[in-house]
Amino acid sequence: MLKMIYPDIYVDSIHDIALDELKKSQIKGFIMDLDNTITLWNSNEISMQVEEWFKKIKSMGFKACILSNNGEKRIVKVAQQLDIPFIHRAAKPNPRSFLRAMHLMGLQREETAVIGDQLFTDMLGGNRAGFFTILVVPLDRREFIGTKISRMMEKMVIHKIQPQKGKK
Ligand SMILES: [Mg+2]
């Protein structure tokens, strides 16, 4: 049972996925989690790097489909911006929605990989459906560390800067 929640590979972010290697092992498309994998939790904003990553995978011939337990409204903007299909209210880890995503991309089981940040939804569902699974560190955790560091830097310099008054 425990084995079913383990990913095949674990990387820091989507940018650390060895795309060439996956291509060599016949992976042709990605089922993508939304929250904390490509956007911050409950956000519609996609960073430039994420947008670039999607351009890159498309230029390499990979397909992609967003699979999210969230409602349509939340996902549609992101999917439109990235120009990829999506499935909402996916009831992950139910493997049925994963298989639907695979069919949407027109792929076979062994050609499909799942990318997500959660063991009990993304990895469990992906493994149950028989896909290659890739776990990423949640975006907000990385963001949190980044924010902490920049706050620290702010504190270090802020006392040296006095707000200017009366001058423009
Ligand atoms: Mg997630």
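Residues numbered from 1 in each chain as written. Predicted model: local features only at pLDDT ≥ 70, side-chain atom pairs only at ≥ 80, totals over all residues. Heavy atoms only, no water.

> Would you explain the layout of surface pockets in this entry?
Over the atoms a probe the size of a water molecule is rolled, and this reveals where empty space is left. Volume-wise, the second largest pocket comes out at about 170 Å³. What lines the second largest pocket is simply Asp33, Asp35, Asn36, Trp41, Ser68, Asn69, Asn70, Lys92, Asp117, Gln118, Thr121 and Asp122. Tallied by class, the residues present in the lining of the second largest pocket amount to one nonpolar, six polar and five charged. (1 Å grid on protein atoms, 1.4 Å probe; cavity = no way out; pocket = protein on both sides within 12 Å on 5 of 7 lines; lining within 4 Å. Points joined across faces, edges and corners; volume = space filled by probe spheres on them. Nonpolar A, V, L, I, M, F, W, Y, C, P; charged D, E, K, R; others polar.)

> Help me understand the pairing of strand E2 (residues 29-32), please; the structure alone is not making it clear to me.
The two faces of E2 match: Gly29 and Ile31 on one face and Phe30 and Met32 on the other face are all buried. Across four bridges, E2 lies against strand E3 (residues 63-67) in parallel orientation. Within E3, the position partnered with Gly29 by the bridge is Lys63. Chirality of the crossover, the property in question, places the unit of E2, helix H2 (residues 48-59) and E3 among those that are right-handed. (Buried < 20%, exposed > 50% of the residue type's maximum accessible area, 1.4 Å probe, protein only. Helix = DSSP H or I, 4+ residues; strand = E, 2+ residues; numbered from the N terminus. Pairing = 2+ DSSP bridges. Right-handed = clockwise from strand over helix to strand, strands pointing away.)

> Explanation requested: the coordination of the magnesium ion in the structure shown.
When four donors bind a metal tetrahedrally, each ideal donor-metal-donor angle is 109.5 degrees, and when six bind octahedrally, the ideal angles are 90 or 180 degrees. Within the protein, the magnesium ion binds to Asp33 (OD), Asp35 (O) and Asp117 (OD); these donor distances fall in the range 2.0 to 2.3 Å. Positions of the donor residues of the magnesium ion, expressed as sequence spacing, correspond to D-x1-D-x81-D. (Donors = N, O, S within 2.8 Å, 3.2 Å for Na, K, Ca; no water.)

> How should the side chain of Asp35 be read in this particular structure?
For Asp35, the position within the fold is in the loop between E2 and H2. One polar contact links Asp35 to Arg74, side chain to side chain, over a distance of 2.3 Å. Discounting chain neighbours no more than four positions away, the residues touching Asp35 are Leu40, Trp41, Asn42, Ser43, Asn70, Arg74 and Asp117. (Polar contact = N/O pair within 3.5 Å; in protein donor to acceptor, adjacent residues only side chain to side chain. Contact = heavy atoms within 4.5 Å.)

> Whenever I open this one, the packing of aromatic side chains confuses me. Can you help?
Where two aromatic rings form a pair, the distance of their centres and the angle of their planes describe that pair. Across all of its chains, the model carries three aromatic pairs by this definition. Considering the side-chain rings of Phe30 and Trp53, the 5.9 Å spacing of their centres and the 45° angle between planes classify their relative orientation as tilted. Residue Phe30 is found in strand E2, and its partner Trp53 is found in helix H2; the two are separated by 23 residues along the sequence. In this structure Phe30 comes out as buried when scored by relative accessible area, which is 0%. Both rings, one in Trp53 and one in Phe54, keep their centres 5.1 Å apart while their planes meet at 90°; by these two values the pair is edge-to-face. A relative accessible area of 3% places Trp53 in the buried class. Owing to a relative accessible area of 1%, Phe54 belongs among the buried residues under this scheme. Aromatic ring contacts, followed pair by pair, group Phe30, Trp53, Phe54 and Phe62 into a single cluster. The ring of Phe62 carries Lys23 above its face, with NZ or CZ at 5.8 Å from the centroid. (Phe/Tyr/Trp six-rings, centres within 6.5 Å; stacked < 30°, edge-to-face > 60°. Lys NZ or Arg CZ within 6 Å of the ring centre and 35° of its normal.)

> How should I be thinking about helix H5 (residues 119-128) in this particular structure?
One turn of the α-helix equals 3.6 residues, which is why residues spaced by three or four share an orientation. Summarising burial for H5: seven of the ten residues are buried, a large majority. Just downstream of H5, Gly130 is the residue with a positive phi angle, here 90°.

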